[in-house]
Amino acid sequence: MNADLHCHSTISDGWLDPAAVVRRAYANGVTMLALTDHDEVAGVDEAAAVAAECGLSLVPGVEISVSFLGDTVHIVGLGIDHRDPRLVAGLARVRAGRDARAVRMSEALAAVGIRGALEGARRFARNPELISRAHFARYIVETGLMPDVSTVFRHYLATGKPGYVEHEWASLEDAVGWIRAAGGIAVLAHPARCRYSEREMEQLLDRFVACGGEGIEVVSGSHTDAEVQRFATVARRRGLLASRASDFHGEQESPVDLGACPELPPDLVPIWSRLTAYDRACGNHP
Ligand code: AMP
Ligand code: MN
Ligand code: MN
Ligand code: MN
C-alpha cells in the first residue's frame, strides 16, 4: 500500500490538472490517492475517472480552511460524498469570501509597492472561484522581486507580513460537521504548521475530537522527523487514525513528491484501514 491522502490540482492552487495529478501519482507507485483541493471538490470526478483507468483507488477529498483561536487551521475530509448538499453549500460559503480577501490583499501589497497583484494572481488561478495566497506568491516571483514562493511567504504573505490580511474562514465545528454529514472522516492537516502554543494545540485537539474529528496527518510533506514523532504521540494518546500525506502542489513548489513521504510509524492505526472499506462500498476496488 502506498497511500497519499492530501494533494492539490488546478482546481485550487496546484500546478497540475486533476487528471495529471492522478497520472503522476500512478507513475510514482501510489495505490490510494486523495485529491484534497482547498474548499472545493470540482476536481474529484475527473480524478476518479482517470484513477479508474489506471486501477488506482481515488478517495474523494477536500481541505477546508478553518479559523480557530485567531489563526488558520486546515481540516481534510476523506471519503466524502462530494455531492452531499450540506458539504457543497458549506464549501461555496467558504469560497465566497476569497474574492473580497484577494482585493484586500492586493491593496495591502500595493501599499508596500507591489502593483497589479490582483490581476497578476488571477492569471495564475485557473479556477476563478479559488484564488489563494499561492497565486499571489507566483505573481510576485514572476515580477522578479523574489526568487521563489517560500521567500515570498516569508517576506510578504505569512501571518503578520505586509500582504497578509485577516480573514474569517469556516468554524471548526462547521467544517467537521460538513465532512461527517457527507459520510467522510475529518483529519487535522499538517498539525506542525499550526502556530499555537502547546496549550492552544491541546484546545484544538479537544474541540476537534469533541465535534467528531477522527484523524491526524502524522506524516506530512511539511513535517520533519521530530514533528512526525511528536504527532505520532498525539495520535496514540488521543486514539486518532494516522494519515500519510504529501500535500503536493507541483514539482517546482513541493519538497515531497506524490507518494514519496516516509512510512507511518508501524504501531499507529492507518486511516486507510477505514478508507479501504469505503472504497469497496463504492465499487472502486479491483
Ligand atoms: P490560502 O488558503 O489562500 O491562505 O493559501 C494557503 C496556501 O498557500 C497553502 O495551501 C500553500 O499552498 C501556500 N503556502 C502557505 N504558506 C506557505 C509557505 N510558507 N511557503 C509556500 N507556500 C505556502
Ligand atoms: Mn495550497
Ligand atoms: Mn494546508
Ligand atoms: Mn494542502
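K.L.:
Help me understand the coordination of the manganese ion (ligand 4), please; the structure alone is not making it clear to me.
P.N.:
Working reference: metal with six octahedral donors, ideal angles 90 or 180 degrees; metal with four tetrahedral donors, ideal angle 109.5 degrees. Here the manganese ion (ligand 4) is held by the protein donor atoms His6 (NE2), His8 (NE2), Glu63 (OE) and Asp247 (OD), which lie 2.1 to 2.2 Å from it. Residue class for Glu63 comes out buried when judged on its relative accessible area of 1%.

K.L.:
Help me understand the packing of aromatic side chains in this model?
P.N.:
The description of an aromatic ring pair uses the distance of the two centres, along with the angle that the planes make with each other. Under the criterion given, the structure shown has two aromatic pairs. Arranged with centres 6.3 Å apart and planes meeting at 85°, the rings of Trp15 and Phe124 form a pair that is edge-to-face. On the criterion of sequence distance, the pair formed by Trp15 in the loop between strand 1 (3-4) and helix 1 (18-27) and Phe124 in helix 4 (residues 117-124) is long-range, its members being 109 residues apart. Residue Trp15 is classed as partly exposed on the basis of its relative accessible area of 30%. For Phe124, a relative accessible area of 19% translates into the label buried. Arranged with centres 6.1 Å apart and planes meeting at 80°, the rings of Phe68 and Tyr196 form a pair that is edge-to-face. Residue Phe68 is found in strand 3 (residues 57-68), and its partner Tyr196 is found in the loop between strand 5 (185-188) and helix 8 (198-210); the two are separated by 128 residues along the sequence.

K.L.:
Help me understand the site of ligand 1, please; the structure alone is not making it clear to me.
P.N.:
The environment of ligand 1 is made up of Asp13, His38, Arg98, Arg101, Ser132, Arg133, Ala134, Val149, Ser150, Phe153 and His249. Within the side chain of His38, one N or O atom sits 2.9 Å away from an oxygen atom of ligand 1. Taking Arg133, its side chain carries an N or O atom lying 2.8 Å from an oxygen atom of ligand 1. For ligand 1, whose free accessible area comes to 500 Å², the fraction covered by protein is 73%. Counting only elements with at least two residues in the shell around ligand 1, the list comes to helix 3 (85-111), helix 5 (133-142) and helix 6 (149-157). Among the elements that line the shell around ligand 1, the one with the most residues is helix 6, at three residues.

K.L.:
What exactly am I supposed to notice about the sheet that holds strand 5 here?
P.N.:
Strand pairing in a sheet is mediated by backbone hydrogen bonds. Such pairs are either parallel or antiparallel. The seven strands lie next to each other as 1-2-3-4-5-6-7, forming an open sheet whose pairing is mixed. Pairing within the sheet leaves two strands with one partner each, and these edge strands are strand 1 and strand 7 (241-245). Against the sheet, helix 2 (residues 44-54) contacts strand 2 (32-35) and strand 3, and its axis sits at roughly 150° relative to strand 3.

Cut-off values and rules
- Residues numbered from 1 in each chain as written.
- Chains lettered and ligands numbered in written order.
- Predicted model: local features only at pLDDT ≥ 70, side-chain atom pairs only at ≥ 80, totals over all residues.
- Heavy atoms only, no water.
- Donors = N, O, S within 2.8 Å, 3.2 Å for Na, K, Ca; no water.
- Buried < 20%, exposed > 50% of the residue type's maximum accessible area, 1.4 Å probe, protein only.
- Phe/Tyr/Trp six-rings, centres within 6.5 Å; stacked < 30°, edge-to-face > 60°.
- Helix = DSSP H or I, 4+ residues; strand = E, 2+ residues; numbered from the N terminus.
- Near = heavy atom within 4 Å.
- Polar contact = N/O pair within 3.5 Å; in protein donor to acceptor, adjacent residues only side chain to side chain.
- Areas by Shrake-Rupley, 256 points an atom, 1.4 Å probe, with all protein chains shown as cover.
- Pairing = 2+ DSSP bridges.
- Contact = heavy atoms within 4.5 Å.
- Axes fitted to C-alpha atoms, helices over the stretch in contact; angles between N-to-C directions.

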